[in-house]
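These are the residues of each chain, in order.
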Amino acid sequence: MPKKHMQLARGALLALLIFGAGHARAAIDDYAFELIQPTLKRGQGVIDVRLIHKPDGKLVSDAVIFAMRLDMAPDDMEAMTGAIESTRASQPGLYRFKVDLTDEGRWRISLAAKLQGEVGTLQNRLVFRVTR
């Protein structure tokens, strides 16, 4: 992970520890990232996810994603990681990532984000399958 992202993640974690996670925990749980496509092809590609406000199903477009990870933890290979890079999405509420999926199997994308007007950090882990 680039140094800038690590510094942002540490700052967010420190703020969470200082101000506490319990204050708005129910509010941050009202949001979730969802995969657009559950299956991808091996090699370089893109993963699209949407961020929704669960109570009304509306897309959320102002999230700041400060941590992301791609690994094969669902197949008991958490040390097997893949390259991941945020890139511009085609519409508001969608978040796009360039990825390098080196092996077939189940992969997990882990995301951490801050949402404007909400206290706490949204963290989601999404599992998808990679085929030939």
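## Quick look at the sheet that holds strand β10 (residues 122–131)
So, point 1. The five strands are arranged β2-β10-β9-β5-β6 in an open sheet whose pairing can be described as mixed. In this open sheet, the two strands that pair with only one neighbour each are β2 (39–41) and β6 (77–81). Strand after strand, the sheet turns through a mean of 40 degrees between neighbouring axes, direction not considered.
So, point 2. Alignment of strand β5 (residues 64–72) against strand β9 (residues 105–114), held across seven bridges, turns out to be antiparallel. By the bridge assignment, Asp71 is partnered in β9 with Arg108.

## Description of the pattern of salt bridges
So, point 1. Tallied over the entire structure, the rule returns eight salt bridges.
So, point 2. For Arg106, the salt bridge goes to Asp75, with nearest N and O atoms at 2.8 Å. Residue Arg106 is found in strand β9, and its partner Asp75 is found in the loop between β5 and β6; the two are separated by 31 residues along the sequence.
So, point 3. Classification of Asp75 by relative accessible area gives partly exposed; the value is 25%.
So, point 4. Here Glu78 makes a salt bridge to Arg108, at a shortest N to O gap of 3.3 Å. Here the residue Glu78 occupies a position in strand β6, and Arg108 occupies one in strand β9, the gap between them amounting to 30 residues.
So, point 5. On the basis of relative accessibility, which here comes to 44%, the residue Glu78 falls in the partly exposed class.
So, point 6. Taking relative accessible area as the criterion, Arg108 reaches 11% and is therefore assigned buried.
So, point 7. Salt bridges sharing common partners tie together Arg69, Asp71, Glu78 and Arg108.

## Points about the nonpolar core
So, point 1. Core analysis: the largest hydrophobic core is formed by 27 residues, its most contacted members being Phe33, Ile47, Val49, Leu51, Phe97, Ile109 and Phe128.
So, point 2. Elements with a minimum of two residues in this core: β1 (31–35), β3 (43–53), β5, β8 (94–101), β9 and β10.
So, point 3. Residue contacts for Ile109: discarding those within four places in its chain leaves Leu35, Ile47, Arg69, Leu70, Ile84, Phe97, Asn124, Arg125, Leu126 and Phe128.

## Focus: the pairing of strand β7 (residues 84–87)
So, point 1. When β7 meets β8, the two strands line up antiparallel, connected through four bridges. Bridge pairing in β8 places Glu85 opposite Lys98.
So, point 2. Counting the residues in the hairpin turn of β7 and β8 gives six residues, including Gly93, whose phi is positive at 90 degrees.

Reading the values: the criteria
- Residues numbered from 1 in each chain as written.
- Predicted model: local features only at pLDDT ≥ 70, side-chain atom pairs only at ≥ 80, totals over all residues.
- Heavy atoms only, no water.
- Pairing = 2+ DSSP bridges.
- Helix = DSSP H or I, 4+ residues; strand = E, 2+ residues; numbered from the N terminus.
- Axes fitted to C-alpha atoms, helices over the stretch in contact; angles between N-to-C directions.
- Salt bridge = Lys/Arg side-chain N within 4 Å of Asp/Glu carboxyl O.
- Buried < 20%, exposed > 50% of the residue type's maximum accessible area, 1.4 Å probe, protein only.
- Core = buried A, V, L, I, M, F, W, Y, C linked by side-chain atoms within 4.5 Å.
- Contact = heavy atoms within 4.5 Å.

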